[in-house]
Amino acid sequence: MPYLILGEDVPGSQQARLAARPAHLARLQALQAEGRLLLAGPCPAIDSPDPGPAGFSGSLIVAEFPSLEAARAWADADPYVAAGVYGQITVKPFRKVLPA
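**Q** Quick question: what am I supposed to make of the overall build of the chain here?
**A** Tallying secondary structure elements over the chain gives three helices and four strands in all. Taken from N to C terminus, the helices and strands of the chain fall in the order β-α-β-β-α-α-β. Relative to the 2.2 N^0.38 estimate, which gives 13 Å for 100 residues, the radius of gyration of the chain is 13 Å and therefore close to what a compact globule would have. Seen through its C-alpha atoms, the chain measures out along the principal axes to roughly 35 × 30 × 25 Å. Here the chain holds 100 residues, and the buried ones make up 29% of them. Once local pairs closer than 6 in sequence are excluded, the contacts in the chain between residues at least 24 apart make up 72%.

Following this line, the structure appears as structure tokens:
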């Protein structure tokens with residue numbers, strides 16, 4: 001089943017985000033290689049696809065996991081958590097409706 005993972009950045013964590021980004025992306029690429037990643041990306045802190053020094057306010061991931069507990073465990077092990085980027089993570093079951 002798919003799960004939505006929303007990580008919300010701590011204010012002022014842009015440098016920590018940049019440092020942890022390669023490890024964060026490697027985990028997402030592993031999910032993609034397994035065919036489990038539906039979508040992933042950062043949320044710009046301002047209304048722009050390239051927020052520059054404003055940075056990002058968080059990230060959204062939708063991926064397949066065997067259970068809510070497995071999705072939470074995966075999210076809790078994210079390098080952004082260890083680096084202090086995410087101040088809060090929300091994990092919820094997700095039902096894709098569109099596009100079909």
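**Q** Please explain the side chain of aspartate 78 as it appears in this structure.
**A** Along the chain, aspartate 78 turns up in the loop between helix 2 (68-76) and helix 3 (79-82). Overall, aspartate 78 belongs to the buried group, its relative accessible area being 2%. A distance of 2.9 Å separates the side chain of aspartate 78 from the side chain of histidine 24, its partner in a polar contact. Apart from residues no more than four positions distant in its own chain, aspartate 78 is found in contact with His24, Arg27 and Tyr86.

**Q** Got a minute to help me understand the nonpolar core in this structure?
**A** The nonpolar side chains of a soluble globular protein tend to be buried with one another. Among the nonpolar cores identified, the biggest contains 11 residues, and these are Tyr3, Ile5, Leu28, Leu31, Ile61, Ala63, Phe65, Ala71, Trp74, Ala75 and Val91. Broken down by secondary-structure element, the contributors of at least two residues to this core are strand 1 (2-9), helix 1 (14-33), strand 3 (56-64) and helix 2. Per element, the largest residue contribution to this core is three residues, and it comes from helix 2.

**Q** Is there a simple way to think about the environment of valine 85 in this case?
**A** Along the chain, the position of valine 85 falls in the loop between helix 3 and strand 4 (86-93). A C-alpha to C-alpha distance of 9.6 Å links valine 85 and serine 57, two positions 28 residues apart in sequence.

**Q** Sorry, what's going on with helix 2 here?
**A** Residues separated by three or four positions in an α-helix point in the same direction, a consequence of the helix having 3.6 residues per turn. By the burial criterion, the buried members of helix 2 are Ala71, Trp74 and Ala75. With its buried residues spanning 100 degrees around the axis, helix 2 presents them on a single face. Residues of helix 2 that are exposed and point more than 90 degrees away from the buried face comprise Glu69 and Asp76. Where the residues of helix 2 are buried, they touch strand 1, helix 1, strand 3, helix 3 and strand 4.

**Q** I keep staring at the pattern of salt bridges and nothing clicks. Help me out?
**A** Close approach of charged atoms lets side chains of opposite charge pair. All told, the structure shown has three salt bridges when counted by the stated rule. A salt bridge links aspartate 9 to arginine 17, with the nearest nitrogen and oxygen atoms 2.8 Å apart. By the burial criterion, aspartate 9 is buried, and arginine 17 matches it. Linking glutamate 34 and arginine 36 is a salt bridge whose minimum nitrogen-to-oxygen distance equals 2.6 Å. Owing to a relative accessible area of 49%, glutamate 34 belongs among the partly exposed residues under this scheme. Using a relative accessible area of 25% as the deciding quantity, one classes arginine 36 as partly exposed.

The rules we used
Residues numbered from 1 in each chain as written. Predicted model: local features only at pLDDT ≥ 70, side-chain atom pairs only at ≥ 80, totals over all residues. Heavy atoms only, no water. Helix = DSSP H or I, 4+ residues; strand = E, 2+ residues; numbered from the N terminus. Rg over C-alpha atoms; globule rule 2.2 N^0.38 Å. Buried < 20%, exposed > 50% of the residue type's maximum accessible area, 1.4 Å probe, protein only. Contact = heavy atoms within 4.5 Å. Polar contact = N/O pair within 3.5 Å; in protein donor to acceptor, adjacent residues only side chain to side chain. Core = buried A, V, L, I, M, F, W, Y, C linked by side-chain atoms within 4.5 Å. Arc of directions from axis to C-beta. Salt bridge = Lys/Arg side-chain N within 4 Å of Asp/Glu carboxyl O.

By themselves these figures say nothing about function.
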